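# Descriptive analysis of the structure
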Amino acid sequence: MGGDLYTEIFEKVAAYGSDPIEKKPLYHFYPGSKILSIGTIGCNLKCSFCQNYRISQVSPDEFDNFKLFSTEELVQIALNDEDNLGVAFTYSEPGIAYEYMYEMAKRALNTRLKSVLVTNGYINKAPLLRLLPYIDAFNVDLKAFSENFYHKMTHAKLEPVKNSIRIIAQSESHLELTNLVIPGMNDDFDEFEEMVRWIAGETGKDTPLHLSRYFPAFKQNIAATPVNTLLDLFEIAVRHLNYVYLGNVADERRSSTYCSKCHQRVIDRSGYYTEISGLDKKGNCTNCHHHIIDYI
Ligand code: SF4
C-alpha cells in the first residue's frame, strides 16, 4: 500500500474527430451543433460487447498510434472553428484519462467552449464532484438494471453507476442517459420498467433516454436487437419518461423531439440531420410555450 500512481496517457489521444452532438448522443444540448470529440485508450469496464474495444481494451504499450495534444493545443483547435461547440471526451472511458480531461475542461471553462463527457458512470464520488463544475453535459450509459448483467457482461457493478447518475442529476450539469438493448440480456420488460421508473424518480421525467440497438462486437455474438424489441421497450419507457429516443436504427418518428405538453414535433431528426422546427430561442414550444430545452 502507499506510493504514487502515474498516468501513462496524459495528453495522448487515440481517436479524434468532429461529430454531430447527436452522435454522443445528446439531443437536448445545443441540437444540430458539432463538437470536437477526443478519446484516449483504456476503460475500467470489460464489456464483452464493446464497439470500441480496439482502444478501450488495450494498454499503452500495446497501442502505437497516439497523437500528442497538449490541453492548450486542444483548446486552440476547438476555438479555431467558430462552428464548433466545444470538446467531448468520448470513444473509450474518459474517467481513465481523468487528469487530462480535468485539465482540459478547466482550461475550457473561461472560453466559449462547452465540455461534454460520454461515460459509463463508473467513478467514485470524490473525483466526480471535483469534475462536475467543469463539465456542461453528460451522457451516462445505464447498461442494464441488474447487478447480474453488470457482473457478467461488464465485470463491474450497477450500484456505483446509479450513484453517479444521482449525483449528476442533482448538479447544474445537463444529463442524458443511454441504454444499449441486448437481446436476452437486458430486455426483460419488468426489469426495464423498473429502470425507467427509477430514472423518472431519481433524475426526473424530462431526462432524455436513448434506447440503442445493439450489434455483435468484440466477444459477443448474440444477434442484433430485433427492432420490435426496441419498439416494445420504447412504449414502456414513454409511460414514465417524456423524451425517449431510438438510436442505431432508422426511425425518424422515434428519434425526433415532441413537446411533452401539446405533442407538436419541435425537432426533426433523420440520421444525423437535425432541424429545429418548433422551438423558440429560449427552447420553448412555439405552439404551447411549454419549456423543453435549456441549451439551444
Ligand atoms: S464501458 Fe464502454 S468503452 Fe468501456 S468496455 Fe464498456 S462499452 Fe467499451
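Just so you know, the residues in each chain are numbered from 1, in the order the chain's sequence is written. Totals for whole chains, interfaces and linings use all residues, but because this is a predicted model, local features are given only for residues with pLDDT of at least 70 and pairs of side-chain atoms are given and counted only at 80 or more. The side-chain numbers reported here are obtained from all heavy atoms of the structure, hydrogens and water having been left aside.

By the naming in an unreviewed UniProt entry, the protein is AmmeMemoRadiSam system radical SAM enzyme, taken from Prolixibacter bellariivorans.

### Digging into the overall build of the protein
Only runs of H or I of at least four residues qualify as helices and only runs of E of at least two qualify as strands under DSSP, and these elements are numbered from the N terminus. For the protein, the helix and strand inventory stands at nine helices and 13 strands. Projected onto its principal axes, the C-alpha positions of the protein cover 55 × 45 × 30 Å. Counting the 296 residues in the protein, one finds 52% classified as buried. We call two residues in contact when some of their heavy atoms are within 4.5 Å. Contacts in the protein between residues at least 24 apart in sequence constitute 64% of all its contacts with a sequence separation of at least 6. Calculation of accessible area relied on Shrake-Rupley with a 1.4 Å probe; when residues are assessed, cover is drawn exclusively from the protein chains displayed. Only carbon and sulfur atoms are counted for the fraction: they give 48% of the accessible area of the protein, which is about 14100 Å². Between the mean site of the 30 positive side-chain charges and the mean site of the 38 negative ones, the protein shows a separation of 2 Å. Only protein chains enter the accessibility calculation, which uses a 1.4 Å probe; a residue is then buried when its area is under 20% of its type maximum, exposed when over 50%, and partly exposed in between. Counted charges follow a simple rule, with Lys and Arg positive, Asp and Glu negative, and His plus the chain ends left uncounted. Lys charges are placed at NZ, Arg charges at CZ, Asp charges at CG and Glu charges at CD.

### What about empty space enclosed by the protein?
With a 1 Å grid laid over protein atoms only, a set of points is called a cavity when a 1.4 Å probe fits there but cannot get out and a pocket when it is open yet has protein on both sides within 12 Å along at least five of seven lines; lining residues have an atom within 4 Å of a point. Grid points are joined across faces, edges and corners, and a volume is the space filled by probe spheres set on the points. According to the stated counting rule, one finds three cavities of 30 Å³ or more in the structure shown. A volume near 100 Å³ is recorded for the largest cavity. Mapped onto the lining of the largest cavity, the elements with two or more residues apiece are β1 (12–13), β3 (34–39) and α3 (98–108). Polarity classes work like this: nonpolar for Ala, Val, Leu, Ile, Met, Phe, Trp, Tyr, Cys and Pro, charged for Asp, Glu, Lys and Arg, and polar for all others, with Gly in that last group. Among the residues forming the lining of the largest cavity, the class breakdown is seven nonpolar, four polar and two charged. Estimated volume of the second largest cavity: approximately 60 Å³. As for the second largest cavity, its lining consists of Glu-93, Gly-95, Leu-117, Thr-119, Gly-121, Tyr-122, Ile-123, Leu-128, Phe-138, Ser-164 and Ile-168. Looking at side-chain class alone, the lining of the second largest cavity contains six nonpolar, four polar and one charged residues.

### Digging into the site of the ligand
In this text, near means that some heavy atom of the residue lies within 4 Å of the molecule or strand in question. Taken together, Cys-43, Leu-45, Cys-47, Cys-50, Ser-56, Gln-57, Asn-120 and Lys-143 make up all the residues around the ligand. Here the shell around the ligand is built from residues that sort into four nonpolar, three polar and one charged.

### A short note on the packing of helix α6 (residues 159–169) against helix α7 (residues 189–203)
Each axis is a line fitted through C-alpha atoms, taken for helices only over the stretch in contact, and angles between the N-to-C directions span 0 to 180 degrees. Between α6 and α7, whose axes approach to 9 Å, the crossing angle comes to 35°. Residues Lys-162, Ile-165, Arg-166 and Ala-169 of α6 form the contact with α7, whose participating residues are Trp-198, Glu-202 and Thr-203. Among the residues forming the contact of α6 with α7, the class breakdown is three nonpolar, one polar and three charged.

### A look at the sheet that holds strand β5 (residues 84–89)
Reading across from one edge, β2-β3-β5-β6-β7-β8-β9-β10 is the order of the eight strands in this open sheet, with mixed pairing throughout. What marks the edges here is a single partner per strand, and that holds for β2 (15–20) and β10 (244–247). Neighbour to neighbour, the strand axes of the sheet diverge by 20° on average, direction disregarded. By this definition, two strands are paired if DSSP reports at least two bridges between them. Two strands pair when backbone bridges link them, and β2 and β3 are joined in this way by six bridges, in the antiparallel orientation. Along β3, the bridge assignment pairs Pro-20 with Lys-34. Here α6 sits on the sheet and contacts β7 (137–141) and β8 (174–181); the angle it forms with β7, its principal contact strand, is near 160°.

### As for the nonpolar core
One finds Phe-138 and Leu-142 to be the most contacted residues of the largest nonpolar core, which totals 69 residues. The leading source of residues in this core is α3, at seven residues. Residues within four places of Phe-138 in sequence aside, it is in contact with Leu-26, Leu-117, Thr-119, Leu-128, Leu-132, Ile-168, Ser-173, His-174, Leu-175 and Glu-176. Grouping buried Ala, Val, Leu, Ile, Met, Phe, Trp, Tyr and Cys residues that are joined through side-chain atoms within 4.5 Å yields what is termed a nonpolar core.

### Observations regarding the pattern of salt bridges
A side chain with one charge may pair with a side chain of the opposite charge, provided their charged atoms come close. Here a salt bridge means any side-chain nitrogen of Lys or Arg lying within 4 Å of a carboxyl oxygen belonging to Asp or Glu. Applying the stated rule across the entire model yields 11 salt bridges. Where Lys-24 meets Asp-19, a salt bridge forms, and the shortest distance between an N and an O atom there is 2.8 Å. Owing to a relative accessible area of 7%, Lys-24 belongs among the buried residues under this scheme. For Arg-166, the salt bridge identified is with Glu-202, shortest N-O distance 3.2 Å. Taken as a pair, Arg-166 in helix α6 and Glu-202 in helix α7 lie far apart in primary sequence, 36 residues in all. You can call Glu-202 partly exposed: its relative accessible area is 33%. Connected via shared salt-bridge partners are Asp-19, Lys-23 and Lys-24.

### Side note on the sheet that holds strand β11 (residues 257–258)
Pairing is antiparallel in the open sheet, where three strands are placed in the order β11-β12-β13. Because the sheet does not close on itself, it has two edges, and the strands there are β11 and β13 (273–276). Pairing analysis gives two bridges linking β11 to strand β12 (residues 265–270), with the strands arranged antiparallel. Residue pairing across strands places Tyr-258 opposite Arg-265, the latter belonging to β12.

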